[in-house]
Amino acid sequence: MSLTLPGAPLSGRPAGVFNGNVNAPRHLLYFEPVHKRVRAEFGGETIVDTTGARLLFETGILPVYYVPESDVRTDLLTRTDRTSHCPVKGDAAYWTVTAGGRTAENAVWGYPDPIAPWLKGYVAFYWDSMDAWYEEDEQVFGHPHDPYSRIDILKSSRRVKVSRNGEVLAESSRPVMLFETGLPVRYYLPREDVRLDLLEPSKTTSYCAYKGEATYWSHGGEDIAWTYERPLREAEPVRDLVCFWNEKTDVEVDGEPQERPESPWS
């Protein structure tokens, strides 16, 4: 979730209401300082080390770190012929990173003559092109931490039933409910309350910046549930529990059918 993703206050399609007309442009940029030391490593070298990073929030896109060029190992960067155009940011130039005998092609971009003038002097990196990112001395995974996104994890005694095509896959009166900014409520259930005999371990994995690496379960050839076996500390209460996509299953809470939410996973 971010300020500018669908459903967020500055997305143009907020989930809530204001007490006046707040009309965000179709393509909104919001640039904000980061009060953390940010570092990136590649090929055994520290490519970025800065206390002057900025977060760029952009409609429909997760926030991105922009860092001062002066805090980048520009001696390890080579300008390439690649360019791209953004109607609100301008024409982007690209650089390849070379370090430790390895190369990350077109991993860095910036706007020499930006339409948004405060982007001048800053560059951004494709997150996955670097070997590791750190905020202060802690490694960060997936994408930058968003100060406007959080997770709340609460134990509950509400009865949750999960079915698919009329077949009950799980039923529990001891769910752990995870509330994450901008996303549907997720119901994490003890494995003892899940029909694991009806599910198959999947080869799919994904990574959440706040929860960690998820492994998946499939049913009928489709991934419909996941587990965090080694969660990050914020998500420790859901360790080894099973959560089903609300978007792909029929969920009842205390006997009340829940609507299937619209989300990127619908």
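Just so we're clear, the structure is a prediction, and the values are computed from it rather than from any experiment.

Visitor: Hey, could you run me through the overall build of the protein chain in this one?
Guide: Scanning the protein chain from N- to C-terminus turns up 0 helices and 22 strands. Counting only C-alpha atoms, the protein chain reaches 60 × 50 × 30 Å along its principal axes. Scored against the burial criterion, the 266 residues of the protein chain give a buried share of 47%. A separation threshold of at least 6 residues defines the contact pool for the protein chain, and within that pool the share at least 24 residues apart is 49%. Here the protein chain holds 29 positive side-chain charges and 41 negative ones, and the gap between their average locations is 1 Å.

Visitor: Can you help me understand the UniProt feature "domain: DUF427" (unreviewed entry) in the protein chain in this one?
Guide: Per the UniProt entry, the sites bearing "domain: DUF427" (unreviewed entry) are residues 38–128 and 160–247 in this numbering. Across residues 38–128 one finds 0% helix and 63% strand; the C-alpha atoms that close the span lie 15 Å apart. End C-alpha atoms of residues 160–247 are separated by 15 Å, and the span's content is 0% helix alongside 52% strand.

Visitor: Quick question: what am I supposed to make of the sheet that holds strand S13 (residues 160–164) here?
Guide: In sheet architecture, strand pairing relies on hydrogen bonds along the backbone and comes in two forms, parallel and antiparallel. Ordered by their spatial adjacency, 4 strands build an open sheet running S14-S13-S21-S22, and the pairing between neighbours is antiparallel. Looking at strand neighbours, the two that pair on one side only are strand S14 (167–172) and strand S22 (256–257), the edges of this open sheet.

Visitor: Teacher, can you tell me more about the nonpolar core here?
Guide: Grouped together as the largest cluster of nonpolar side chains are 28 residues, with contacts concentrated most on Ile-47, Val-97, Phe-125 and Met-130. Listing elements by their share of this core, those giving two or more residues are strand S2 (38–42), strand S3 (45–50), strand S4 (54–58), strand S5 (61–68), strand S7 (90–99), strand S8 (102–110) and strand S9 (122–125). Sequence-distant contacts of Ile-47, that is, excluding residues within four places in its chain, are made with Ala-40, Glu-41, Phe-42, Asp-71, Val-72, Arg-73, Leu-76, Leu-77, Val-97, Ala-99, Phe-125 and Met-130.

Visitor: What's the story with the sheet that holds S5 in this structure? I'm lost.
Guide: Pairing in this open sheet of 7 strands is antiparallel, and the strands run S1-S4-S5-S9-S8-S7-S6 from one edge to the other. Looking at which strands have only one partner, the edges of the open sheet turn out to be strand S1 (29–33) and strand S6 (77–86). Geometrically, the sheet is characterised by an average inter-axis angle of 35° between neighbouring strands, direction not taken into account.

Visitor: Would you mind going over the pairing of strand S18 (residues 212–219) with me for this structure?
Guide: Side chains on a regular strand alternate between the two faces of the sheet. Burial within S18 is extensive, with 6 of its 8 residues counted as buried. Note that strand S17 (residues 200–208) and S18 share 6 bridges and pair antiparallel. In the sheet register, Ser-206 faces S18, and the bridge partner there is Ala-214. Linkage of S17 to S18, two consecutive antiparallel strands, is achieved through a turn of 3 residues. Two strands pair when backbone bridges link them, and S18 and strand S19 (residues 222–227) are joined in this way by 5 bridges, in the antiparallel orientation. Its bridge partner lying in S19, His-219 is registered against Glu-222. Between S18 and S19, which follow one another and run antiparallel, lie 2 residues, and Gly-220 among them has a positive phi close to 65°.

Rules and cut-offs
Residues numbered from 1 in each chain as written. Predicted model: local features only at pLDDT ≥ 70, side-chain atom pairs only at ≥ 80, totals over all residues. Heavy atoms only, no water. Helix = DSSP H or I, 4+ residues; strand = E, 2+ residues; numbered from the N terminus. Buried < 20%, exposed > 50% of the residue type's maximum accessible area, 1.4 Å probe, protein only. Contact = heavy atoms within 4.5 Å. Lys, Arg positive; Asp, Glu negative; His and termini not counted. Charge placed at Lys NZ, Arg CZ, Asp CG, Glu CD. UniProt positions renumbered as here; feature names shortened; annotations may be inferred. Pairing = 2+ DSSP bridges. Core = buried A, V, L, I, M, F, W, Y, C linked by side-chain atoms within 4.5 Å. Axes fitted to C-alpha atoms, helices over the stretch in contact; angles between N-to-C directions.

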